[in-house]
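Coordinate analysis (summary)
Chain by chain, the residues:
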Amino acid sequence: QVQLVESGGGLVQPGGSLRLSCAASRSILRFAAMTWYRQAPGKQREMVALISNGGTTNYADSVKGRFTIFRDSAKNTVDLQMNSLKPEDTAVYSCNARGLTTDYWGQGTQVTVSS
C-alpha cells in the first residue's frame with residue numbers, strides 16, 4: 001500500500017506564492033510519473049503538472065511559467081512551487097502516483113487565492 005500525503009495549502013492573496021509538497025511512503029522513482037491535479041468546485045479535475053521517472057516535466061497551459069514541479073528522490077517528495085497565483089487557481093490540489101497497474105492518490109490540500 002502506498003501512501004501520499006500533501007501539505008502546504010492555504011489562503012494566499014492574488015499574486016502571492018505557495019509551495020505544496022507530496023510525501024510518498026516509498027521511492028517515487030518506482031512510479032512512472034508523479035502528477036499534481038486540482039479540482040475546483042463544480043469543475044472537472046485537471047492535470048496541473050507532471051514529472052516522469054525520467055525527469056521530464058509537463059504543465060497545463062494555464063500554469064506554464066508560473067508553476068514548477070520539483071522532486072527530491074532522496075526524500076521521496078514531489079513539490080509544486082506556485083507563483084503569481086490567481087483566483088482561478090483556487091482548488092483542492094491532489095498528488096497522484098502512477099504505478100504499473102494502479103494509481104495512488106493523496107487526500108488533497110486546499111488552495112484558496114483571494115483578497
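Predicted model, so just to flag it, every value in this text is computed and none were measured.

Take the sheet that holds strand 7 (residues 67-72) next. What links the strands of a sheet is backbone hydrogen bonding, and the strands pair in either a parallel or an antiparallel sense. Taken in spatial order, the four strands make up an open sheet running 1-3-8-7, and their pairing is antiparallel. Looking along the sheet, the strands with just one partner apiece sit at the ends: strand 1 (4-7) and strand 7. Strand after strand, the sheet turns through a mean of 15° between neighbouring axes, direction not considered. For strand 1 and strand 3 (residues 18-24), the ladder comprises four bridges, and the chain directions are antiparallel. Following the sheet pairing, Glu 6 is matched in strand 3 by Cys 22.

Before going further, it helps to examine the nonpolar core. Soluble globular proteins tend to bury their nonpolar side chains together. The biggest cluster of nonpolar side chains holds 31 residues, and the ones touching the most others in it are Leu 4, Met 34, Trp 36, Leu 80, Met 82 and Tyr 93. Of all elements in the fold, only strand 3, strand 4 (33-39), strand 5 (46-52), strand 7, strand 8 (77-82), strand 9 (91-98) and strand 11 (109-113) reach the threshold of two or more residues within this core.

Rules used throughout
Residues numbered from 1 in each chain as written. Predicted model: local features only at pLDDT ≥ 70, side-chain atom pairs only at ≥ 80, totals over all residues. Heavy atoms only, no water. Pairing = 2+ DSSP bridges. Helix = DSSP H or I, 4+ residues; strand = E, 2+ residues; numbered from the N terminus. Axes fitted to C-alpha atoms, helices over the stretch in contact; angles between N-to-C directions. Core = buried A, V, L, I, M, F, W, Y, C linked by side-chain atoms within 4.5 Å. Buried < 20%, exposed > 50% of the residue type's maximum accessible area, 1.4 Å probe, protein only.

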